[in-house]
Amino acid sequence: MIGLISATAAGAAARDRLAAAWPDRTRVYDGPVGDAVRRAFAECEQLVCFLATGAVVRLIAPLLGDKASDPGVVCVDEGGRFAVSLVGGHGGGANELAREVGQLLGAEPVVTTATDAVGVPGLDTLGLPVEGAVAAVSRALLDGEPVALHNESGWPLPPLPVAPEGAYGIRVTDRLAELSEREVVLRPPTLVVGVGASKGAPAEEVLELIERSLREAGLSPRSVAELATVDAKAEEPGIVAAAERLGVPLVTHSAEELAAVEVPNPSDAPLAAVGTPSVAEAAALIGGGELLVPKRKSAALPAMATCAVVRRPARGRLAVVGLGPGARDLLTPRAKAELRRASVLVGLDQYVDQIRDLLRPGTRVLESGLGAEEERARMAVEEARKGQAVALIGSGDAGVYAMASPALAEASDDIDVVGVPGVTAALAAAAILGAPLGHDHVSISLSDLHTPWEVIERRVRAAAEADIVVTFYNPRSRGRDWQLPKALAILAEHREPATPVGVVRNASRPDESGRLTTLAALDPATVDMMTVVTVGNTATRDIAGRMVTPRGYRWQTSEEGSK
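Residues numbered from 1 in each chain as written. Predicted model: local features only at pLDDT ≥ 70, side-chain atom pairs only at ≥ 80, totals over all residues. Heavy atoms only, no water.

Visitor: Just checking my understanding: could you explain the sheet that holds strand β23 (residues 469–473) for this structure?
Guide: For sheets, the rule is that strands pair by backbone hydrogen bonds, running either parallel or antiparallel. Spatially, the 5 strands line up as an open sheet ordered β22-β23-β26-β24-β25, and their pairing is mixed. Looking at the sheet topology across the chains shown, the edges are occupied by β22 (441–445) and β25 (513–518). Recorded for the sheet is a direction-independent mean angle of 20° between the axes of neighbouring strands. When strand β24 (residues 500–505) meets strand β26 (residues 531–535), the two strands line up antiparallel, connected through 5 bridges. When the bridges of β26 are listed, Val503 appears paired with Val533. Together, β22 and β23 form the strand contacts of helix α17 (residues 453–465), whose direction differs from that of β22 by roughly 160°. Lying on the sheet, helix α18 (residues 483–492) is in contact with β23 and β26; it crosses β23 at an angle near 175°. (Pairing = 2+ DSSP bridges. Helix = DSSP H or I, 4+ residues; strand = E, 2+ residues; numbered from the N terminus. Axes fitted to C-alpha atoms, helices over the stretch in contact; angles between N-to-C directions. Contact = heavy atoms within 4.5 Å.)

Visitor: Teacher, can you tell me more about the side chain of Ser278 here?
Guide: Locating Ser278 in the fold gives a position in the loop between α10 (268–274) and α11 (280–285). Of the polar contacts made by the side chain of Ser278, one reaches the backbone nitrogen of Ala282; its length is 3.1 Å. Those residues in contact with Ser278 that lie beyond four places of it in its chain are Leu258, Val263 and Pro270. (Polar contact = N/O pair within 3.5 Å; in protein donor to acceptor, adjacent residues only side chain to side chain.)

Visitor: Help me understand the side chain of Asn506 in this model?
Guide: Structurally, the position occupied by Asn506 is in the loop between β24 and β25. Judged by its relative accessible area of 7%, Asn506 is buried. Setting aside residues up to four positions removed in sequence, Asn506 forms contacts with Asp511, Glu512 and Met530. (Buried < 20%, exposed > 50% of the residue type's maximum accessible area, 1.4 Å probe, protein only.)

So, in structure tokens, the structure goes:
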């Protein structure tokens with residue numbers, strides 16, 4: 001929860017805007033400011049104070065404990081010009097909160113954390129538990145001193161300014177380790193603990209077994225990704241409590257699924273009890289991996305719990321990112337985060353140029369020109385299979401006439417794939433035209449480079465007969481000048497000559513242009529590949545120069561009946 005505190009009318013107005021935008025994330029604290037800050041500091045994970053930074057410093061100084069537990073604090077000035085990350089930039093999430101608040105209120109985020117200022121990812125912001133000399137190693141990275149990276153697990157990381165050897169070190173491992181004063185260890189979530197338990201097994205017994213098994217195998221409990229068991233034990237209190245105490249999810253599988261897993265130590269007891277010869281080993285191994293700790297029993301007599309530990313191999317990560325139609329403010333925060341997370345960026349050269357300034361130093365860029373879409377898709381998947389964190393970019397939404405489909409056609413289940421949606425050209429153009437997509441609509445590409453014209457024509461005719469608003473992508477190029485006139489002629493068989501048509505070129509870009517015409521008046525020669533053409537249905541109207549398709553047809557019927 002984010003606590004909101006203000007002292008003046010101007011601050012309260014900005015506070016209320018934030019509260020209205022984030023009703024489920026925020027809580028307003030009224031009353032004397034000092035009391036409000038103290039209550040919010042104790043009850044919330046983050047605070048946004050619409051107060052002077054000096055005042056907030058004095059108020060929170062007696063409350064500060066340590067960076068691991070203090071809430072993140074952001075200050076917004078009286079004029080709403082700046083959102084200052086004051087305390088808990090990384091651990092408390094204040095840096096990101098300052099950016100979010102700034103974007104919502106139109107304020108400039110002020111982040112003074114050294115790693116953020118120079119674009120080096122903070123070691124405590126990588127999404128992995130971190131131990132050791134975080135401050136010393138971070139300072140070495142900032143000062144350009146050689147820091148060696150030993151990624152034992154092959155876990156995908158964002159770009160870091162590291163060297164093969166160095167006086168400072170970063171280890172990525174799930175093993176227990178003795179650390180020097182110049183070393184940091186990152187704990188990747190590579191371990192799966194399979195658990196079986198008799199009815200009524202105490203949580204202490206289950207937890208002691210897990211912790212002892214990990215310790216004796218030299219493994220860190222901070223690298224446990226999940227506890228796994230059979231469906232029949234999904235609500236077993238001891239297993240549920242053990243997962244909660246370890247802070248990991250409890251994942252369950254059916255007895256049939258577990259029975260199909262080959263294990264080294266099957267048993268008749270679980271087969272009779274829950275229908276599978278193995279619970280602990282099978283639940284740990286069901287997703288594949290290396291069995292590090294075979295099934296073992298708890299120390300109690302009689303033993304009521306079993307566990308096994310598997311290390312799953314690190315998986316590369318492919319984020320397919322939609323950049324939107326071109327304007328920076330239509331690039332989503334999630335897309336920006338994925339671009340900064342990637343160690344490898346793959347994309348069309350002109351799209352790379354759009355976002356090059358958002359990349360972290362050291363990001364490896366693989367770019368190519370038009371026509372190399374399948375090559376880029378293969379390249380992105382290959383890099384992910386090497387264990388890299390890859391971002392494959394496309395304009396608009398990457399799943400709409402862009403890179404998602406060729407990439408996913410190449411990808412198998414050996415990598416993680418994340419889709420990041422983007423604002424499409426059709427949506428950007430529609431916002432410029434008015435509301436042409438208010439009812440059912442369809443997008444059709446008129447390019448026959450990948451689709452035979454016979455198929456395209458059949459789709460256009462179906463849309464025409466179904467009275468659906470149509471947005472044409474790739475409508476006309478120098479080598480393809482007849483497809484748009486043909487498509488318009490098909491639509492004209494079912495729609496009046498006065499049907500509104502919107503033509504938008506370079507939507508959201510500096511040279512954006514948009515105009516409203518009609519089906520009869522549109523000159524295809526004025527259209528090119530940078531243009532989106534939207535043709536209305538029989539209900540679409542030109543209202544005050546805006547293209548509007550009503551959400552229903554009833555008004556049209558009543559209008560015609562009154563003539």
